[in-house]
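Structural description and commentary
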Amino acid sequence: MRRQKEFNLARYLITGAAGFIGRSIAAALLARGESVRGVDSLITGKRENLTGLEAMEFLQGDLADPVTCQKACAGVEIVFHEAALASVPRSVADPIGTNVNCVDATLNLLVAARDAGVRRVVYAGSSSAYGDTPTLPKREDMVPKPISPYAVAKLAGEHYMQAFARVYGLETVVLRYFNVFGPYQDPSSHYSGVLAIFCRKMLAGEQPTIYGDGEQSRDFTFIENVVEGNLLAATAPAEKASGKVMNLATGSRITLNQVFQLLCELTGYRGKPAYAAERAGDIRDSLADISRARELLGYTPRVDFREGLQRTVDWYRAAGA
Ligand code: UD2
């Protein structure tokens, strides 16, 4: 606390702070009375997501610009790197944009973090790193097989994290998120996460579209579990967690057809889904083994899928999204 008062510096930096995951981590830190700085380019983040986070110092800027990274990292001890252009189909449409905003941005941030004397960077990795291999559940010792430009970009970021831990002694922790969902996830773009899109449409009585036969499955992870995993990753002993990659998920999966049925119950939607061609770069099944995060961080998911979905539907209903 003394350090913050003397220098008026934030202890935590959150990149992508105006995005769904970043703002959720920020809210949890502020609730604990921590000093927090957020940076966001507002390419996909939304200024309205900053409502309620007024105690956070906010810097609008793009991590593709090294000067923004320097300003963002000044005086910081711990970084949560959530900023990315998240979406498989977006990366298929614009692989260079995804690379700039995921890979270049991550490398710029790491260099700035190293130079500013940041102690630890916690990185938002993606389950897409595993690719479309049939073996389930996915364990971190499996060889990554990314199949979309997005997956390649997020995996490149993981490798940079590990390299910086190894060669510069910067503590880095990679959390591989599995299909995160919950309040504040943007439902308005066709690049949005499927649960956000389905909640919004079905609450509005509009027909959702399932790409493929709907039998693909995901280990959908409620945002509160992800926030909890990040807070644990920030404090876990370096000997245990630094330089490591670990899944952050629930360890259970559900198909899109089952999700649709559940959402009919929760939203009151009475129609059928439309079915369209499977998306390029899509993965069939995704399920995490979460024992490594349990062992290294003491992580255990607190909110199961059904409860998370109920809370998410309630939030979109109240937000009138
Ligand atoms: C990937 C990663 C996830 C995260 C995310 C960021 C995997 C297994 N997961 O999620 O961890 O990094 O990328 O974007 O790689 N769909 C529909 N209708 C819609 C929208 C989507 O059927 O209106 C389908 C889509 O084809 C896919 C599933 O829903 O089969 C999930 O799609 P998504 O975009 O929510 O997430 P996904 O799995 O690409």
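Residues numbered from 1 in each chain as written. Predicted model: local features only at pLDDT ≥ 70, side-chain atom pairs only at ≥ 80, totals over all residues. Heavy atoms only, no water.

One side chain can pair with another of opposite charge once the charged atoms of both are near each other. According to the stated counting rule, one finds 19 salt bridges in the structure shown. Here Asp285 and Arg253 are joined by a salt bridge, their closest N and O atoms 3.4 Å apart. On the criterion of sequence distance, the pair formed by Asp285 in the loop between β13 (274-276) and α11 (291-297) and Arg253 in the loop between β11 (244-248) and β12 (254-255) is long-range, its members being 32 residues apart. For Asp285, a relative accessible area of 22% gives the class partly exposed. We note a salt bridge from Glu307 to Arg311, for which the minimum N-O separation is 2.8 Å. (Salt bridge = Lys/Arg side-chain N within 4 Å of Asp/Glu carboxyl O. Helix = DSSP H or I, 4+ residues; strand = E, 2+ residues; numbered from the N terminus. Buried < 20%, exposed > 50% of the residue type's maximum accessible area, 1.4 Å probe, protein only.)

What follows is about the sheet that holds strand β6 (residues 171-177). As a general point, the strands of a sheet are linked pairwise by backbone hydrogen bonds and lie either parallel or antiparallel. Strand order in the open sheet formed by seven strands is β3-β2-β1-β4-β5-β6-β11, with parallel pairing between adjacent strands. Of all strands in the sheet, those with a lone pairing partner are β3 (57-60) and β11, marking the two edges. When the angles between neighbouring strand axes are averaged without regard to direction, this sheet yields 20 degrees. One ladder, built from four bridges, connects strand β1 (residues 12-15) with strand β4 (residues 78-81); its direction is parallel. Its bridge partner lying in β4, Leu13 is registered against Val79. (Pairing = 2+ DSSP bridges. Axes fitted to C-alpha atoms, helices over the stretch in contact; angles between N-to-C directions.)

The N-to-C vectors of helix α7 (residues 194-203) and helix α10 (residues 256-267) enclose an angle of 40 degrees; their axes lie 10 Å apart at closest approach. It follows that α7 is oblique to α10 by the angle criterion. Along this stretch, α7 crosses α10, giving a crossing that reads as right-handed. Every residue of α10 that contacts α7 at Val194, Leu195, Phe198, Cys199, Met202 and Leu203 is listed here: Leu256, Val259, Phe260, Leu263, Cys264 and Thr267. (Parallel < 35°, antiparallel > 145°, perpendicular 65-115°, else oblique. Left-handed = near helix turned anticlockwise from the far one by under 90°. Contact = heavy atoms within 4.5 Å.)

Next up on the list: the site of the ligand. The immediate surroundings of the ligand are formed by 24 residues, with Ser126, Tyr150, Val194, Arg218 and Asp282 found nearest. One of the side-chain N or O atoms of Arg218 is found 2.6 Å from an oxygen atom in the ligand. In isolation the ligand exposes 750 Å². Once the protein is present, 92% of that is buried. Those elements that place two or more of their residues in the shell around the ligand are α7 and β8 (209-211). The residue inventory of the shell around the ligand, partitioned by class, reads twelve nonpolar, nine polar and three charged. (Near = heavy atom within 4 Å. Polar contact = N/O pair within 3.5 Å; in protein donor to acceptor, adjacent residues only side chain to side chain. Areas by Shrake-Rupley, 256 points an atom, 1.4 Å probe, with all protein chains shown as cover. Nonpolar A, V, L, I, M, F, W, Y, C, P; charged D, E, K, R; others polar.)

When you tally the buried positions in strand β5 (residues 120-126), you get seven out of seven residues, the bulk of the element. Where burial is concerned, the two faces of β5 agree: the one with Arg120, Val122, Ala124 and Ser126 and the one with Val121, Tyr123 and Gly125 are both buried. Sheet topology note: the β4/β5 ladder contains four bridges and is parallel. Following the sheet pairing, Phe80 is matched in β5 by Val122. Of the pairings in the sheet, the one linking β5 to β6 comprises seven bridges and is parallel in character. Note on β6: the bridge partner recorded for Ser126 is Tyr177. In this region the chain leaves β5, passes through helix α6 (residues 149-168) and returns to the parallel neighbour β6; the handedness of that crossover is right-handed. (Right-handed = clockwise from strand over helix to strand, strands pointing away.)

Here the protein shows a mean pLDDT of 96. Residues at 70 or above account for 97%. Counting interchain partners and residues more than four positions distant, the pLDDT-below-50 stretch residues 1-7 has seven contacts. (pLDDT = per-residue confidence, 0-100.)

This brings us to the state of the cysteines. Inspection of every chain in the model, using the stated rule, returns zero disulfides. Distance from the sulfur of Cys199, which forms no disulfide, to the nearest cysteine sulfur (Cys264) is 12 Å. What makes Cys199 buried here is its relative accessible area of 0%. Among the residues examined, Cys264 registers a relative accessible area of 14% and is labelled buried. (Disulfide = S-S within 2.5 Å.)

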